[in-house]
Structure formats: structure tokens, C-alpha cells
Amino acid sequence: MGTTGLAVLTVNAGSSSLQLHLVRDGEVLRTEHSERSPDPGSAERTIGDFLADVPDGDLAAVGHRLVHGGEAVRKPTVVDDDVLDAVREYADLAPLHVPPALALVEAARRRLPGLPQVLCPDTAFHAALPDRAATYALPAQWRSRYGLRRYGFHGLSYAWALGRAAELLDRPVRALQVVLTHLGGGSSVCAVREGRSVDTSMGFTPLEGVPMSTRSGSVDPGMLLWLLSGSRLTLDELRDGLEHRSGLLGLSDGESGDTRELVASGDPASALALEVFAYRVSREIAAAATSLDRLDALVFTGEIGWDQPEVREAVCRGLALLGVEPPVRTDLDVDGMVSAPGVPVPVLGIRPREELQLARDTLGVLGGHP
């Protein structure tokens, strides 16, 4: 289909937020950001209000961020009933993200019948992870029967940040070996060799890896088994604790899951939360670097990575062994270097632009210009 000059509506449903963008030719024409969980009952009206004065003929498609497509959607895919049914089979792998995203897909299909709807999975960026990085040390029967493997997430963010890093370094993507870290409400680390994700900290679900705003990140599975035994915790209590009451919120004794508030607080629990978070991110970056032959750059993105210089500085302090030096630049208004000129490993700060990557991937599927 011809899509040149037409706009794409991008829909990004987070666990506790909703972002709508209207994108044309790489430019955002309109945006709406709500810091509350998407309401399935009013989703169609929300989309309709956002597009109230946009003629349907001006839209090429709707692109939806899909956190976890499991084995059903491994690359950007045009939606039909069979695709949605297949994705629902994996919804419990990312229960905070996938159900609201699917509700918005259904709402957009009702509001914009006949317009292509494209699912863009965060897992696509990591779809070609090497077996050594993707395989869990679990019984083969389990892995085969249940599809147990490491999927990785934040792929839309990483794809955008990688392209921008290549531009800033004036080098082709396929010539780079870099570590990227997306730090936000959810956080992860990714190693990229020659344009390909070769390791990442998140795994089968978005719960693995570094501590996050309210999610625990990786913890001892033996401890979880112990908590489930002897009537200590029910499965629902454990799930709620790991997803909603852990991470920075749990580390700070319930003070906050927001690094900005923790930096401003200054109390001992908040300081410990920030220290643990920065240490774990540094450790994951160092681990990811072992997948590379060299480290051409370290890239920070995500809301925290872009807009929290105290966290960037604390993370880099723990990486002297890799040749990373603490940043000298704090405030960012445009993508760029935060490290001093001539350092062994450049450190970059890149604004997260998932909406632009969503639009690019959506048009790519439809044969438009990415």
C-alpha cells in the first residue's frame, strides 16, 4: 500500500501509563500521555478523542507496542484474529503489560475498522539471541514443552538508541560493539555486536535482571521456593510482592520507586536503594561486555538514563575496569556525549523515542519508507 506522507498512530500501553502519538515522516504531530493504567472500557473513546480532527484518510496504520509476543509474534506483524488469539496465550508472561495492550488493539480496531493494525514486539530486537545467551539451564523437557528461553525486552527503545548512537559516533551500526542500558520504570541492559543483540539482562519475563521501580529483578530462586513453602506466602502474595512492592520501592522501605524522589529524599533507606540500583546496573553492564570483543560506547536511554545524571554518574563509577569514566555533562537537551572528549569509552545519553521506532517499524511492515 502507499503510505508516503501519511501519519501513523502509535499506541504504547505501559503497566501504569498510556502514550498516544501521531507521527508523520519522523515528526511527532500530537501526543497524549496519561500516568494511569489504560481503562479498557474507555479505550475506544480515548483513541477517538485523540483523533477527533484527523481524517481517517490521513492515517496509514496504527502501531502498537507489544511487550511480550512470546513465540506468536517475533517481529512486527499485521494484526488479525488469529494473531490476537496466539498472543493471548502468552499474556500471563507479562501480565502488567500485555492485557492492556491487547484491549487497546481491540479498541483501535473498532474505532478504525479497515485500517491496518501492527503489533511491534519489544522482543523482536532480541529474536536472534545466540543459544548460549538465550538458553536456561533447565531440563530439556521443560524447555521444549513450555518454550522456556530468554526473550529480552525494551527492543523498540534499543533499536532507536542504537541507530542514534551510530549517528553520533559517525560509524555504521554494523561496525559497532556497544552496551546499551534502558533505565526507567522497567530497566534492562543489552550488548549489541554489529547490529545484533547478543545478550540482555531480562529473560523469559520482564521480571529478570536489575531491580526496577517496583519489580524485584533477579533474586535467588531457592528463596522464592522457601517463601512458597511452609505457608509463608501464597502464590498471589509472592507475585504481588515481586511485581508491585519490590525494586526501588521495596529497597527504600516504601518511600518511592522514583529515582528523582529518592535522590531528593536523602534518608538512609533511599540512599541504599539508589546504591543497590546503580551497583546492579553496573554489574549487568560489565557482564554484558563479556559478549563483545571491545567496547565502543556505553549508551544510556530510558527516562532515568536520559534524565537522571546522578544515576548515570553512579553507574559509571563502578565501571573503571572497562575504561568507563564518570560523565562530565549532566543536563541533556539533545542526544549526545556525556563523557569528556577523548575518553577510552564514550558514554552517550539518548532520549527514548519508542514512538518514532514504532512508526518506523509499522511502515516497514506495510511497505512504506521506514
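These figures come from a predicted structure and were not determined experimentally.

Taken as a whole and judged by the stated rule, the model has 2 aromatic pairs. Note on Phe125 and Tyr158: the rings are 6.2 Å apart at their centroids and 35 degrees apart in plane angle, and the pair reads as tilted. Of this pair, Phe125 sits in the loop between strand 6 (117-121) and helix 4 (131-134) while Tyr158 sits in helix 6 (residues 155-169), and the two are 33 residues apart along the sequence. Here Phe125 falls in the buried class, since its relative accessible area comes to 17%. Ring geometry for Tyr151 against Phe204: centres 6.1 Å apart, planes inclined by 35 degrees, an arrangement best described as tilted. Taken together, the positions of Tyr151 in the loop between helix 5 (140-146) and helix 6 and Phe204 in the loop between strand 9 (196-200) and helix 7 (221-228) put the pair 53 residues apart, joining distant regions of the chain. Above the ring of Phe50, the side-chain terminus of Arg30 is found at 5.9 Å from the ring centroid. Note that Arg149 overlies the ring of Tyr151, its terminal NZ or CZ placed 5.3 Å from the centroid.

We now examine the nonpolar core. By size, the foremost hydrophobic cluster in this structure holds 32 residues, and its most contacted members are Val179, Ile285, Leu298, Val315 and Val324. Tallying contributions element by element places helix 11 (residues 268-289) first for this core, with 8 residues. Setting aside its immediate chain neighbours within four residues, Val179 contacts Val189, Cys190, Ala191, Ile285, Ala288, Ala289, Leu292, Leu295, Ala297, Leu298 and Val299.

Taking burial as the measure, the 5 residues of strand 6 include 5 buried ones, the bulk of the element. Neither face of strand 6 is open: one carries Gln117, Leu119 and Pro121, the other Val118 and Cys120, and all of them are buried. Bridge count for strand 4 (residues 59-66) against strand 6 is 5 bridges, and the pairing is parallel. Looking at strand 6, one finds that His64 is bridged to Leu119. In this structure, strand 5 (residues 77-78) lies alongside strand 6, joined through 2 bridges in antiparallel fashion.

Conventions used here
Along each chain, residue indices are assigned from 1 in the same order as the chain's sequence is written. pLDDT decides what is reported in this predicted model: residues at 70 or higher carry local features, side-chain atom pairs at 80 or more are listed and counted, and totals for whole chains, interfaces and linings draw on all residues regardless. As a rule here, side-chain values come from all non-hydrogen atoms in the structure, and water together with hydrogens is ignored. Think of it this way: a Phe, Tyr or Trp ring, Trp meaning its six-membered ring, pairs with another when their centres are within 6.5 Å, and the plane angle makes it stacked under 30 degrees, edge-to-face over 60, tilted otherwise. Strands here mean DSSP runs of E at least two residues long; helices mean DSSP runs of H or I at least four residues long; both are numbered from the N terminus. Exposed residues in this analysis have more than 50% of their type's maximum accessible area, buried residues have under 20%, and partly exposed residues fall in between, with area computed by a 1.4 Å probe over protein chains only. Definition used: whenever NZ (Lys) or CZ (Arg) falls within 6 Å of the ring centre and also within 35 degrees of the ring normal, the charge is taken to sit over that ring. To qualify as a nonpolar core, a set must consist of buried Ala, Val, Leu, Ile, Met, Phe, Trp, Tyr and Cys residues joined through side-chain atoms within 4.5 Å. Should any heavy atoms of two residues lie within 4.5 Å, those residues are considered in contact. Two strands qualify as a pair provided DSSP detects at least 2 bridges between them.

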